[in-house]
Every structure is written in structure tokens, then in C-alpha cells.
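# Reading the structure
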Amino acid sequence: MVGEGRCLGESGGFGLREPAARWTKEVRSWAATTGEGFKECDCACWPSGSDFNNKTASLIINEGIYDLSKAMSQDGASQFQEVIRQELELSVKKELEKILTTAPPHEFEHTKKDLDGFRKLFHRFLQEKGPSVDWGKIQRPPEDSIQPYEKVKARGLPDNISSVLNKLVVVKLNGGLGTSMGCKGPKSLIGVRNENTFLDLTVQQIEHLNKTYNTDVPLVLMNSFNTDEDTKKILQKYNHCRVKIYTFNQSRYPRINKESLLPVAKNVSFSGENTEAWYPPGHGDIYASFYNSGLLDTFIGEGKEYIFVSNIDNLGATVDLYILNHLMNPPNGKPCEFVMEVTNKTRADVKGGTLTQYEGKLRLVEIAQVPKAHVDEFKSVSKFKIFNTNNLWISLAAVKRLQEQNAIDMEIIVNPKTLDGGLNVIQLETAVGAAIKSFENSLGINVPRSRFLPVKTTSDLLLVMSNLYSLNAGSLTMSEKREFPTVPLVKLGSSFTKVRNYKDDIHVNLESIIEGENVTHFLTVSGDVTFGKNVSLKGTVIIIANHGDRIDIPPGAVLENKIVSGNLRILDH
């Protein structure tokens, strides 16, 4: 194709019509030596002596707006993409070096580790394109790789349960804010039951273990820069509890501009114009951050062997002695390095990640990894019957070995965000459960649904505050009077999404959650609705105030299997 050539902006070339598209000497030199026949021109796509334009690179790498096969050979296309990746990585490296120079001396080493971690993740992001799994290689896990909880429990408990417990560390993922429930600060500090917060309940659970079995099970909180300060302030209230509490921070990574793929941050500060420039990179960061904190080596030195990791807002994620015993005394004699608790899917969980067999190992497959043509198949409750609860039991020695070998492999989650000023950014994240394929002799345990009780919304909060559950030593237990093991469905409208509004407006006695039938809806509330004191709701209750209307449920009212519409008519349901 040597000869007339093509302009990079012409039809039939790359189709890049960005007026800012510019190219480095390296790209120009490469194009000349390959004989692909790109001509120099006077248009904006090829100005002499200009710097490489990252916006154009991101369009080529990230948006896929071109068809290289029409412009050059496959080998040439591959070389061209690699040049672009290298240029982009160099640009990002320079930006990160500028940011590092703004770090105060006492934060320099910590910031350097964070930025080095981000560079590795960014490098992988540029290398990986398209779905990260080959759907044809996905197989059902072998029967013995996912054990039913009943089988694990049937083994009973050893006489030396105290010595087994003393080898455990409980880690709670505490990096999230309460913004989805209309609260400022860490989500773990929201009151969920009898004025007890998520953190209160967690401490009560572990203190009960330590007192009952005369053990020393510590609690470790993985905070983020969003939650660390507020969490540490509150920890002093637990000084007299029989629980040693430790904290460490997950990494702080820079968000990147979706168009240029360059960091938004200009310095290490996260105040002022930099408030939205940083983010915690998902709970998959636990392995590196735990290792870097020094706590991993400390606990190994104290004889600890396993960590139990879970989300702090999952009120069902308590220490299970039967699972711990299964780990410490494996029936086949082979040490298990990683256990993932899974539970049966319902139609509300179709997007949840599931365990599969992939290239001979257990692998967590998330919906974002699934090719579009197979998404409906992935959501099938009949084919993929279980999902990940994110309750994980992991060997400390294995984490240390894999971390030092740089051998923990987790798929990248690309999370798009729009900042308050309208700027579109992306943040690169990883999930802790995705590392299961890196560990030896991994196992899934199919646990009861009661071990998955997340509180993500005020609708969830209404259930855990009801008499469906009893509270004992920080643990919630579903009432034995409930005829059905499934949790009723509660849908609260936008007027009740904030915790403060919810607590001001809802004063209800939910006794029927225990006695009611197993129905699709238990309670649906939408519009401007207020409840008087001691309202009782039984069975299926639907309350809908139309736009401009208001419904006031009087004090002491009893609604059983009723629909209450905007004109306050009460109909039998």
C-alpha cells in the first residue's frame, strides 16, 4: 500500500474525526516502516511535532470506534495497538509521578505503594479486552467441590473448639458510606436494631465468642479513606469489651477521565477540587493492603491460620463453628486454602456471581464477565442455582505466599461514574471472591439463606427491625414461628429511602411477618404516606398515595391483606 496512502481522518482510514487527534514520532515512524502508506497531511490529525493525544488513544483502545482490519494487516494492527498502549502508560506514569511529588514526607511511602498498585491495575486494564471468560469453557462444578452445609454440620464439633477458634481472625469490610440510605459517614455506624449499629452488633458477636469459649478472636476492620477517621473515633467505646480491634486502610486510587484515561487528581489531597478524584478500589484490594499493613505477618506470628471475611452490612455473616472446624480438620486431610459460602438463588439474585468449574479450577463468574449472548443463560435460576454471599474463609499462609509471588489473579471491574461537575470517569476495581481460582483446594459450601442478610436499603432495615428476627448476643435469628424460611418482600417508596425519614414516619408492628402467608409482596408503600403509632400490618399490604394525595394511617390501625389507595378506600385483598 505504499503510494498515495490515507489520511487518518479520512473515510476508509481509521475514521478518527477528532480535531484534536495527534500522533507521536514513534507512531509516525512505525507507520512509515510498515509500508501501510499513511500520508502526512495538513489536517488536524497529524500536526508536526505534537504530543500523543490520550483522548484519541482511549477512543481506539476503549471505545472500539475503528476497524483496523480494513486499514492494515492483522499483525500491523496489533503492533499499532501496542504502540498506543505504551504511549498511554507512559503518559499515566508521568501524571502519577507528578502526583507523588505532592505527598508529604510521612505519607510518601504509603502513597507510592498505592500508586504502584494502581499502575499495575491500569496496565492490566489496557491489556484485557472483551469478556474475560470463554463461555464454552464454563462447566458445572464437580459435586464434591460445593458441599451442602448440612454435611459440614453433621461432622459435629471437636472437644478442643477453643483452640480451633484461637486460630481465627474476623475481618469486616468497612469501606462503604451510608449514602444509599441517606446518611453521612460510615455505613457501619447506622443504627439497625435497638439503637445498635452494624459495628456494635459485630463487636457483641465476637465478644460473646471470646467469653463463652475463653478465646482471643480479634476483629479487624478494613476501612477506606472515606471511613477511617470516623470509625477510629468510635472505637474507643469498645475499650472495655473483650475484643481486640485492629484497623487497616485499603488503597486509595485515582479516578481516571473516561475520554483521556488520565488521572483526574492533580495532587494527593482529597479535599477541595480533589474531593471526588480518589476512590477505594473494591474489596479485592484486601490481599495487598492487609499484607502491606503488617497485620498479616503479625497474626501469622501469633499462630492464627484463617481469616473470616464478610461485608459488615451482612447481619447473617457470623462466625460459624462448623465451617471453621471443617477448615481446621479437613475430612480428606488436604488443607483447604479458600472457602466461599454460597446460597441458593432466588429471582432477586439473578445478577449475583456464581461458582463454576473453569480450566480445572473453581472460578467465580460475575455477570459483567459474561458475553452478551449468554447473559440470559447466566441469569437462569435453573442452570446456575447458587450465588456468592461474600462470606469467605481464607488461609493466612496462602495469602502471604501468593502475595509475595504476585500470583493473586482477579478480574478487573470497570465502574463508570459521573462526578458532580458532570465529568465522566471510570474507576478500576477488583472483588475479593474472584481470587478463589488462585488458591489451592478451594471449596464452596452451600449455606442456609439465613447467612445472607444484607441491609442495603431502608426496606431491608424494616425487616431486621421487625419481630421476624430476635436479637441475641449481636446475632439475628429468624423466629421459629415463621412457617416459611424465605424473607418477605418489602418495597418502600422514595419518601422512605433515607433512614431519618424512615424512622420518623414508620411506627409499625410487623407481627404478621411471622404469621403471614408466603406471598410475593408483604408490604409495598409508595407516595406521601405516614403511619400513626402502633399500626399493625398483617399478610400482604399495599399502600399507594397518588401524586398530590396523602395517606395517613391512623394510630392503632390494623391492616390485614389490604390495598389502601389514594382515596383511602380499604379493599379486601
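Residues numbered from 1 in each chain as written. Predicted model: local features only at pLDDT ≥ 70, side-chain atom pairs only at ≥ 80, totals over all residues. Heavy atoms only, no water.

If you check an unreviewed UniProt entry, the chain appears there as UTP--glucose-1-phosphate uridylyltransferase from Balaenoptera acutorostrata. Its UniProt record, at the heading Sequence similarities (unreviewed entry), says of the chain: "Belongs to the UDPGP type 1 family." (UniProt positions renumbered as here; feature names shortened; annotations may be inferred.)

Topologically, L221 is positioned in strand β6 (residues 219-223). Counting along the chain gives 47 residues from L221 to N174, while the straight-line C-alpha distance between them is 5.9 Å. Not counting chain neighbours up to four residues away, the residues in contact with L221 comprise K172, N174, L199, T231, L235, I245, Y246, T247, F248 and I312. (Helix = DSSP H or I, 4+ residues; strand = E, 2+ residues; numbered from the N terminus. Contact = heavy atoms within 4.5 Å.)

Turning next to helix α10 (residues 286-293). At 3.6 residues per turn, the α-helix brings residues three or four places apart onto the same side. Residues of α10 that are buried include every one of I286, Y287, S289 and F290, and no others. Two residues or fewer past α10, G294 is found with a positive phi of approximately 90°. (Buried < 20%, exposed > 50% of the residue type's maximum accessible area, 1.4 Å probe, protein only.)

Quick look at the layout of surface pockets now. Of the voids in this model, the second largest pocket is the one considered here, and its volume is about 640 Å³. If you go around the second largest pocket, you meet 21 residues; those closest to its centre are G117, K120, A288, Q403 and N406. Secondary structure elements with two or more residues in the lining of the second largest pocket: α5 (108-127) and α10. Along the lines of polarity and charge, the residues of the lining of the second largest pocket split into seven nonpolar, seven polar and seven charged. (1 Å grid on protein atoms, 1.4 Å probe; cavity = no way out; pocket = protein on both sides within 12 Å on 5 of 7 lines; lining within 4 Å. Points joined across faces, edges and corners; volume = space filled by probe spheres on them. Nonpolar A, V, L, I, M, F, W, Y, C, P; charged D, E, K, R; others polar.)

Moving on: unusual backbone geometry. The backbone phi angle of L261 is positive, close to 60°, even though this residue is not glycine. Since its relative accessible area comes to 0%, L261 is described here as buried. Positive phi is not limited to glycine here, since N390 has a value of about 65°. Note on placement: N390 falls in strand β15 (residues 386-395).

Read across the sheet, three strands follow the order β1-β13-β14 without closing on themselves; strand pairing throughout is antiparallel. Unpaired on one side and paired on the other, β1 (138-139) and β14 (361-365) mark the two borders of the sheet. Where strand β13 (residues 354-358) lies against β14, five bridges are found, and the strand directions are antiparallel. Paired with T354 across the bridge in β14 is V365. (Pairing = 2+ DSSP bridges.)

With that settled, the discussion passes to empty space enclosed by the protein. With the rule as written, the count across this model stands at one cavity of 30 Å³ or more. Volume-wise, the largest cavity comes out at about 40 Å³. Along its surface, the largest cavity is lined by K172, F198, T202, Q205, I312, N314, L315 and A317. With three residues, helix α8 (residues 198-213) is the single largest residue contributor to the lining of the largest cavity. A per-class count over the lining of the largest cavity returns four nonpolar, three polar and one charged.

What follows covers the pairing of strand β23 (residues 523-526). Two faces, one strand: in a regular strand the side chains alternate between the faces of the sheet. In the sheet, strand β21 (residues 490-492) pairs with β23 via three bridges, with the strands oriented parallel. Considered in β23, the bridge of V490 is made with L523. Pairing between β23 and strand β25 (residues 535-544): four bridges, direction parallel. By the bridge assignment for β25, T524 is matched with I542.

It is worth spelling out the packing of aromatic side chains at this point. Following the criterion strictly, the structure yields 14 aromatic pairs and no others. An angle of 85° between the planes, with centres 5.3 Å apart, marks the rings of Y246 and F299 as edge-to-face. Taken together, the residues Y246 in strand β7 (residues 245-249) and F299 in helix α11 (residues 295-301) connect sequence positions 53 residues apart. The exposure class of F299 is buried, given its relative accessible area of 0%. Consider the rings of F338 and F439, whose centres lie 5.1 Å apart with planes at 50°: the pair is tilted. Taken together, the residues F338 in strand β12 (residues 338-344) and F439 in the loop between β17 (424-429) and β18 (443-446) connect sequence positions 101 residues apart. (Phe/Tyr/Trp six-rings, centres within 6.5 Å; stacked < 30°, edge-to-face > 60°.)

Turning next to the pattern of salt bridges. As enumerated under the stated definition, the model contains 23 salt bridges in all. One salt bridge in this structure joins K400 and D297, with 2.9 Å as the shortest N-O distance. With K400 in helix α14 (residues 396-404) and D297 in helix α11, this residue pair connects regions lying 103 residues apart in the sequence. We classify K400 as partly exposed; its relative accessible area is 24%. (Salt bridge = Lys/Arg side-chain N within 4 Å of Asp/Glu carboxyl O.)

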